[in-house]
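Residue-level structure breakdown
Here is how the chains run, residue by residue.
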Amino acid sequence: MIITDITAKIFSQEFLKPLVVALGAIKSSDTVIVKIETDAGIVGYGEGSSAPFISGESADIILSAVGILKTGLIGEDPLDIAGIHATMDRLLVRNGAAKAAIDLAVYDIIGKHESLPLYKLLGGADGFVETDITIMVDSPERMAEEALKCVADGFKQLKIKAGVSCEDDIQAIRQIRSAVGPGVGLKVDANQGWTAEQALKVIESIKDCAVGAIEQPVPWWDFEGLSYISSHSDIDIMADESCFNRHDAARIVKEKAADMINIKLMKCGGLFRAIQINEIAESHGLRCMVGCMAETRIGIAAAAAVAKATSNVVYADLDGFLYFTEDKKNTGGFTFEAPFIKLSANPGHGVEVDF
Ligand code: MG
């Protein structure tokens, strides 16, 4: 089997309400849907979700990058996923979302060829994945109200966005814990918003709140700050924006910069690299979460499948699809009943795409 054509289109999605995090308020998100055709008649779909303020990849950039990757991929065997990635890395450094779009479409083809859903292809036993839900930055009172609403909706894990003001962050975390009680899992994501000193001050002030992990306390480039916080914190520190690829994961291990890694398909270039990052983490005693940018059902179904592939992925943060107006282009892939994503048993990622 060989790849005969690769086409890509930008697909714009509006959020139901702006997503407010330490990096700003986000109103909409563009994703690039990629279609890969083969001489066997098997067609695969992938996507590259834009997040230029995190990854440097806008939808236009992803579209251009896919065009560059296409030049080397026509004629290649989609069953040779390692070869596909070697070709992509030879043609273009970084550009994780563009590579993820290709990787997801190729895995969709492999799943269809093997008649297996992605979660089985990757080694997962069943298709049930529990996701958390995100509490966006707002006043501490409104965040506590929102947390209660999410728990009433069935969620058992909450991710609290922080990093705008230390005092408000501390208040929000304390008020949320007292509102939801002890049985709900809490994580905090500062999205690079603190200094190392501020992070340790917040950690000291919330030590009785049973927070499971603090995500990306300091700017992505501040590995020294991450290491300092990790060595002084009783709460696990999770690298997100500091860990895009395998080399970042290796650096995090070497510099003891974090206890956990948030793996996102859109940062690392898709499922093939996500599994490798998890291997690096697991073999050094770091646990992982699988997170998302603002993907459609394609990216969420694929990320949920990789979350099932190993017991070292202890959290799934795959709530992105809940914030959009209804996605009329893509259907299937999974059903959702909070807090569980139930993956489709159809081959590949199982998403039907109106391309
Ligand atoms: Mg994060």
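Residues numbered from 1 in each chain as written. Predicted model: local features only at pLDDT ≥ 70, side-chain atom pairs only at ≥ 80, totals over all residues. Heavy atoms only, no water.

With respect to unusual backbone geometry
Cis rather than trans, the peptide bond between alanine 338 and proline 339 has omega equal to 5°. Its place among the elements puts proline 339 in the loop between strand 14 (334-337) and strand 15 (340-343). Notably, asparagine 95 is not glycine yet its phi reads approximately 55°, a positive angle. When you line up the elements, asparagine 95 lands in the loop between helix 3 (81-91) and helix 4 (96-114). (Helix = DSSP H or I, 4+ residues; strand = E, 2+ residues; numbered from the N terminus.)

A word on the domain arrangement of the protein
For interface size, the figure often reported is the accessible area lost on association. Here the protein is described as being made up of domain 1 (3-115) and domain 2 (120-352). Just the C-alpha atoms count here: the centres of domain 1 and domain 2 sit 22 Å apart. Aspartate 89 is the salt-bridge partner of arginine 273, the closest N and O atoms lying 2.7 Å from each other. Summed over the shared surface of domain 1 and domain 2, the number is 14 residue pairs in polar contact (both at pLDDT 80 or more). Breaking the side of domain 1 that touches domain 2 down by element, the ones donating at least two residues are strand 1 (3-21), strand 2 (24-38), strand 3 (43-49), helix 1 (52-55), helix 3 and helix 4. Among the elements that line the side of domain 1 that touches domain 2, the one with the most residues is helix 4, at twelve residues. The residue inventory of the side of domain 1 that touches domain 2, partitioned by class, reads 19 nonpolar, eleven polar and ten charged. (Domains from an automatic or database assignment. Salt bridge = Lys/Arg side-chain N within 4 Å of Asp/Glu carboxyl O. Polar contact = N/O pair within 3.5 Å; in protein donor to acceptor, adjacent residues only side chain to side chain. Nonpolar A, V, L, I, M, F, W, Y, C, P; charged D, E, K, R; others polar.)

A closer look at the side chain of threonine 38
Here threonine 38 lies in strand 2. For threonine 38, a relative accessible area of 8% translates into the label buried. The residues contacting threonine 38, other than those within four sequence positions of it, are Met1, Ile2, Ile3, Thr4, Pro78 and Ile109. (Buried < 20%, exposed > 50% of the residue type's maximum accessible area, 1.4 Å probe, protein only. Contact = heavy atoms within 4.5 Å.)

Considerations on the side chain of serine 29
Along the chain, serine 29 turns up in strand 2. Ignoring anything within four residues of it in the chain, the contact list for serine 29 reads Phe11, Ser12, Gln13, Phe15, Ser49, Ser50, Ala294 and Phe324.

Some points on the environment of aspartate 153
For aspartate 153, the location among the structural elements is in the loop between helix 6 (140-152) and strand 6 (157-161). Aspartate 153 sits in the exposed class, given a relative accessible area of 52%. Taking the C-alpha atoms as reference points, aspartate 153 and histidine 247, separated by 94 residues in sequence, lie 39 Å from one another.

Overview of the packing of helix 10 (residues 246-254) against helix 12 (residues 271-283)
In the contact formed by helix 10 and helix 12, the axes pass within 9 Å of each other and the chain directions differ by 10°. In terms of orientation, helix 10 lies roughly parallel with respect to helix 12. Where helix 10 abuts helix 12, its residues Arg246, Ala249, Ala250 and Val253 lie against Arg273, Gln276, Ile277 and Ile280. Grouping the constituent residues of the contact of helix 10 with helix 12 by class yields five nonpolar, one polar and two charged. (Axes fitted to C-alpha atoms, helices over the stretch in contact; angles between N-to-C directions. Parallel < 35°, antiparallel > 145°, perpendicular 65-115°, else oblique.)

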